[in-house]
Amino acid sequence: MHGWKRSVRGPGLTDTMSRYLIRRIEQTPNIRLLKHMEVVGLEGGDHLEHVLWRHNETGETERKDITHVFLMTGAEPNTAWLNRCVALDEKGFIKTGADLSSEDLNTAEWFLNRRPYLLEASIPRVFAVGDVRAGNIKRVASAVGEGSIAISFVHQLLQE
Ligand SMILES: Cc1cc2nc3c(=O)[nH]c(=O)nc-3n(C[C@H](O)[C@H](O)[C@H](O)COP(=O)(O)OP(=O)(O)OC[C@H]3O[C@@H](n4cnc5c(N)ncnc54)[C@H](O)[C@@H]3O)c2cc1C
């Protein structure tokens, strides 16, 4: 049986992963979770041969013979080009619907007598769906579903 190691920089997985994925990891006997551990080096010639990691509490570094690494390092929305155009949250995701505060709408000079619809950004008739939207749950089904909801709003707006 192959042994798998998963290292996380913090004290556990709960801040960074969905519960169902954490359960899968916990229930898989050949995965060992290394907490407070940060990968600090990858070494090899034609292929990966060693991985170095550091214990973030003790500062101790270890070098292990490992030939395969899978990275899961999080996601950053590619929205820098949108800033000052539509309201973004502090992480750069696009705010929509009820998530838009009065301050957001004042800053964006929202000019309609109604509040933004579900999925509508701080510019009237601009919609955001999927991973890039603040509050989206980062699943294929939700991205597809939000897309179809946005299209129904587009049809509604074309009638107004
Ligand atoms: C490793 C991994 C595993 C996953 N596993 C699952 C899973 O098992 N089940 C599940 O439901 N979800 C899973 N997800 C999440 C799922 O992939 C996303 O929720 C889904 O793809 C979101 O769709 P989207 O259309 O919003 O964004 P994306 O699929 O990210 O599509 C956005 C597109 O926009 C393009 N783009 C970006 N910037 C610009 C720009 N300026 N101009 C033009 N195009 C641009 C990008 O290149 C990309 O093609 C996983 C995600 C990852 C990373």
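Here's the deal with the site of the ligand
Turning to step 1, where the next piece is worked out: Looking at the ligand, the residues that line it are Asn78, Trp81, Gly130, Asp131, Lys138, Arg139, Val140 and Ala143.
Turning to step 2, where the next piece is worked out: Asn78 is positioned such that a nitrogen or oxygen atom in its side chain is 3.0 Å from a nitrogen atom of the ligand.
Turning to step 3, where the next piece is worked out: Expressed as a share of its isolated accessible area of 1,000 Å², the protein-covered part of the ligand is 30%.
Turning to step 4, where the next piece is worked out: When its residues are assigned to classes, the shell around the ligand shows three nonpolar, two polar and three charged.

Notes on the sheet that holds strand β3 (residues 37–44)
Turning to step 1, where the next piece is worked out: Across the sheet, three strands lie side by side as β3-β4-β5; this open sheet has antiparallel pairing. Single-partner strands in this sheet number two, and they are β3 and β5 (61–65). Pairwise comparison of adjacent strand axes, ignoring direction, gives a mean angle of 25° for this sheet.
Turning to step 2, where the next piece is worked out: By the bridge criterion, five bridges tie strand β4 (residues 48–55) to β5 in an arrangement that is antiparallel. By the bridge assignment for β5, Leu52 is matched with Arg63.

Some words on helix α3 (residues 140–159)
Turning to step 1, where the next piece is worked out: For α3, built from 20 residues, the straight-helix expectation of 28 Å at 1.5 Å per residue is met to within 8% by its first-to-last C-alpha distance of 30 Å.
Turning to step 2, where the next piece is worked out: Those residues of α3 that fall on the buried side of the exposure criterion are Ser142, Glu146, Ala150, Phe153 and Leu157. Along the axis of α3, the buried residues cluster in a sector spanning 70°; they form a single face. Within α3, the exposed residues directed more than 90 degrees away from the buried face are Val140, Ala141, Val144, Leu158 and Gln159.

As for the pattern of salt bridges
Turning to step 1, where the next piece is worked out: Applying the stated criterion across every chain, the model contains seven salt bridges.
Turning to step 2, where the next piece is worked out: The salt bridge partner of Arg19 is Glu26, with a shortest N-O separation of 3.1 Å.
Turning to step 3, where the next piece is worked out: The exposure class of Arg19 is partly exposed, given its relative accessible area of 42%.
Turning to step 4, where the next piece is worked out: With a relative accessible area of 54%, Glu26 lands in the exposed category.
Turning to step 5, where the next piece is worked out: The salt bridge involving Arg114 is made with Glu120; its shortest N-O contact spans 2.7 Å. Neither Arg114 nor Glu120 differs from the other in exposure class; each is buried.

With respect to a nonpolar patch on the surface
Turning to step 1, where the next piece is worked out: A cluster of nonpolar side chains, Val39, Leu42, Val69 and Leu71, forms an exposed patch at the surface whose accessible area comes to about 380 Å².
Turning to step 2, where the next piece is worked out: Within the secondary structure layout, Leu42 lies in strand β3.

Description of the side chain of Ser122
Turning to step 1, where the next piece is worked out: Locating Ser122 in the fold gives a position in the loop between α2 (102–107) and α3.
Turning to step 2, where the next piece is worked out: The class of Ser122 is buried, set by a relative accessible area of 1%.
Turning to step 3, where the next piece is worked out: Polar contacts involving the side chain of Ser122 include one to the main-chain amide nitrogen of Ala87, which spans 2.8 Å.
Turning to step 4, where the next piece is worked out: Here Ser122 is in contact with Cys85, Val86, Ala87, Lys95, Leu100, Leu105, Ala108 and Trp110, once residues within four sequence places are set aside.

Structural notes on the domain arrangement of the chain
Interfaces are often sized by the amount of accessible area the parts lose when they come together.
Turning to step 1, where the next piece is worked out: Per the domain assignment, the segments making up the chain are domain 1 (4–65) and domain 2 (80–159).
Turning to step 2, where the next piece is worked out: Relative placement of domain 1 and domain 2: their C-alpha centres are 37 Å apart.

Reading the values: the criteria
- Residues numbered from 1 in each chain as written.
- Predicted model: local features only at pLDDT ≥ 70, side-chain atom pairs only at ≥ 80, totals over all residues.
- Heavy atoms only, no water.
- Near = heavy atom within 4 Å.
- Polar contact = N/O pair within 3.5 Å; in protein donor to acceptor, adjacent residues only side chain to side chain.
- Areas by Shrake-Rupley, 256 points an atom, 1.4 Å probe, with all protein chains shown as cover.
- Nonpolar A, V, L, I, M, F, W, Y, C, P; charged D, E, K, R; others polar.
- Pairing = 2+ DSSP bridges.
- Helix = DSSP H or I, 4+ residues; strand = E, 2+ residues; numbered from the N terminus.
- Axes fitted to C-alpha atoms, helices over the stretch in contact; angles between N-to-C directions.
- Expected span 1.5 Å × (residues − 1).
- Buried < 20%, exposed > 50% of the residue type's maximum accessible area, 1.4 Å probe, protein only.
- Arc of directions from axis to C-beta.
- Salt bridge = Lys/Arg side-chain N within 4 Å of Asp/Glu carboxyl O.
- Patch = residues over 30% accessible without salt bridge, like charges linked within 9 Å, V, L, I, M, F, W, Y side chains within 5 Å.
- Contact = heavy atoms within 4.5 Å.
- Domains from an automatic or database assignment.

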